[in-house]
Amino acid sequence: MQHSSINKKNVRRVSYLRISVTDRCNLRCIYCSPVRNFKFFSHKEILTFEEIVRLVRIGLMLGIEKVRLTGGEPFVRRNFLNLIELLLGSFPGLDLRITTNGTLLTKDTILSLKKIGIKAINVSLDTFDRKKFFKITGMDLHHRVINAIYDLIDAEILTKINIVALKNINQDEVLKFAKFAYENPVHVRFIEFMDLSMSKDQMGTYFYSANDILSVIKKEYSLIKYEPKENAKGPARMYKIQGGLGKIGIISPLSNHFCHTCNRFRITANGKLRTCLFAEKDYDLKPILRNPKLGDRFLYRIMKNAMARKPIGSKLISKQGNGIQGMYVVGG
Ligand code: SAM
């Protein structure tokens, strides 16, 4: 648990809950997967669908307005669509989003998602090149992601493509992605690489700054700064492209960190509540969830307390290389 004292003036509103439904993934991205000590949570350790629904219920009582299901890869979790149905059935009108690598998103699944009521999906795609995709992810599944993106567009599900900007790997594709956003009604969002410490020298190898990305795009396209509506606000700086169908977003946790505006909580697949991606401590909710003597009010109090103690200020840069867990564990 965090031990800093509560300063009421600094208490921030947490309105966004990201829940990792599994730590397993069918890709092995160079910037995310562990190289050594690979050990996934056992089935027993993972939160059940009922436990996830319970946490969302308490989150809503605490002012959560948006929930994202992520992972690992959420679609590798068995019966994942049932969880979505359960959540939307339990909380009609819930703003529920999903982040996926898109490799398991068949046309049928997309149609089911549309029918269930999913309106927006984030798909991670770092390259338009099949060989490069293999080099980045370790899997030859590029075609599946591309098909999924077109099927999502056809189904009129708002599609946000997340690209981790990687120097000397996909740096040369910035304009290709911008062109895709110009020609299609999608959001193309470049994320600065964060060294989550699988290897100490990744930072120098891969880091490609948001400003460099923007200046490349601005040479070719006219970008108009755009403020999303309050409930659609996120960490991305958003731009409309003059004359284009889609939008460009830049997420720069390092060069222009957004800790002071962060409104999110993360819950890992094994039920640890993290108030900050880079927090050293977390709140273990599973023993409480699984203790029949402890009701919702205990969970409520713990989550409320965690909100009050959500750390302010970025320690992020100083922590680079200090053994922060990969996003596949924390839930990207
Ligand atoms: N499997 C899903 C996917 O691929 O979108 C969800 C989990 S993934 C960990 C979520 C996001 O985290 C992806 O957009 C991924 O690109 C991003 N991510 C993972 N490691 C990262 C890193 N080291 N730096 C920046 N973004 C990272």
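Residues numbered from 1 in each chain as written. Predicted model: local features only at pLDDT ≥ 70, side-chain atom pairs only at ≥ 80, totals over all residues. Heavy atoms only, no water.

1. A short note on the site of the ligand
Then, number 1: Taken together, 18 residues lie near the ligand, and Gly 72, Glu 73, Ser 124, Val 164 and Met 194 sit nearest.
Then, number 2: Between the ligand and Glu 73, the relevant distance is 3.0 Å, taken from a nitrogen atom to a side-chain nitrogen or oxygen of the residue.
Then, number 3: In the model, an oxygen atom of the ligand is placed 3.3 Å from a nitrogen or oxygen of the Thr 100 main chain.
Then, number 4: Taking 550 Å² as the accessible area of the ligand by itself, protein coverage stands at 94%. (Near = heavy atom within 4 Å. Polar contact = N/O pair within 3.5 Å; in protein donor to acceptor, adjacent residues only side chain to side chain. Areas by Shrake-Rupley, 256 points an atom, 1.4 Å probe, with all protein chains shown as cover.)

2. Points about the confidence of the model for the chain
Then, number 1: For the chain, mean pLDDT is 88; residues scoring 70 or higher make up 86% of the total.
Then, number 2: In this model, residues 1-7 is a region of pLDDT below 50 whose contacts with residues beyond four sequence positions or in other chains number 16 contacts. (pLDDT = per-residue confidence, 0-100. Contact = heavy atoms within 4.5 Å.)

3. Observations concerning the pairing of strand S8 (residues 237-241)
Then, number 1: By the criterion of burial, S8 is predominantly enclosed, with four of the five residues buried.
Then, number 2: Bridge count for strand S7 (residues 223-226) against S8 is four bridges, and the pairing is antiparallel. Considered in S8, the bridge of Leu 223 is made with Ile 241.
Then, number 3: In the sheet, S8 pairs with strand S9 (residues 247-251) via four bridges, with the strands oriented antiparallel. Its bridge partner lying in S9, Lys 240 is registered against Lys 247.
Then, number 4: Between the end of S8 and the start of S9, which pair antiparallel, lie five residues, with Gly 243 showing a positive phi angle near 80 degrees. (Buried < 20%, exposed > 50% of the residue type's maximum accessible area, 1.4 Å probe, protein only. Helix = DSSP H or I, 4+ residues; strand = E, 2+ residues; numbered from the N terminus. Pairing = 2+ DSSP bridges.)

4. Quick word on the sheet that holds S8
Then, number 1: Reading across the sheet, the 12 strands line up as S7-S8-S9-S6-S5-S4-S3-S2-S1-S10-S11-S12 and stay open at both edges, with mixed pairing between neighbours. Each of the sheet's edge strands pairs with one partner strand only, and the pair in question is S7 and strand S12 (283-284).
Then, number 2: Two strands pair when backbone bridges link them, and strand S2 (residues 66-70) and strand S3 (residues 95-100) are joined in this way by four bridges, in the parallel orientation. Bridge pairing in S3 places Arg 68 opposite Arg 97.
Then, number 3: Where helix H1 (residues 49-61) meets the sheet, it contacts strand S1 (16-20), S2 and strand S10 (264-267), and its direction lies at approximately 170 degrees from that of S1. (Axes fitted to C-alpha atoms, helices over the stretch in contact; angles between N-to-C directions.)

5. Quick notes on the side chain of Asp 126
Then, number 1: With respect to the element layout, Asp 126 can be found in the loop between strand S4 (120-124) and helix H4 (130-137).
Then, number 2: It is Lys 132 that comes nearest to the buried, bridge-free Asp 126 among opposite-charge side chains, at 11 Å.
Then, number 3: Only 2.5 Å separates the side chain of Asp 126 from the side chain of Tyr 31, close enough to count as a polar contact.
Then, number 4: The residues contacting Asp 126, other than those within four sequence positions of it, are Tyr 31, Ile 136, Asn 162, Ile 163, Val 164, Asn 170, Glu 173 and Phe 177. (Lys, Arg positive; Asp, Glu negative; His and termini not counted. Salt bridge = Lys/Arg side-chain N within 4 Å of Asp/Glu carboxyl O.)

6. Brief notes about the nonpolar core
Then, number 1: By size, the foremost hydrophobic cluster in this structure holds 92 residues, and its most contacted members are Leu 69 and Phe 190.
Then, number 2: Ignoring anything within four residues of it in the chain, the contact list for Phe 190 reads Ile 163, Val 174, Phe 177, Ile 213, Ile 217, Ile 248, Gly 249, Ile 250 and Ile 251. (Core = buried A, V, L, I, M, F, W, Y, C linked by side-chain atoms within 4.5 Å.)

7. Side note on empty space enclosed by the protein
Then, number 1: Scanning the entire structure with this criterion turns up one cavity of 30 Å³ or more.
Then, number 2: Taken as a whole, the largest cavity holds about 30 Å³ of empty space.
Then, number 3: What lines the largest cavity is simply Leu 125, Phe 128, Ile 146, Ile 149, Tyr 150, Ile 161 and Phe 180.
Then, number 4: Counting residues per element, the lining of the largest cavity draws most heavily on helix H5 (residues 142-154), at three residues. (1 Å grid on protein atoms, 1.4 Å probe; cavity = no way out; pocket = protein on both sides within 12 Å on 5 of 7 lines; lining within 4 Å. Points joined across faces, edges and corners; volume = space filled by probe spheres on them.)

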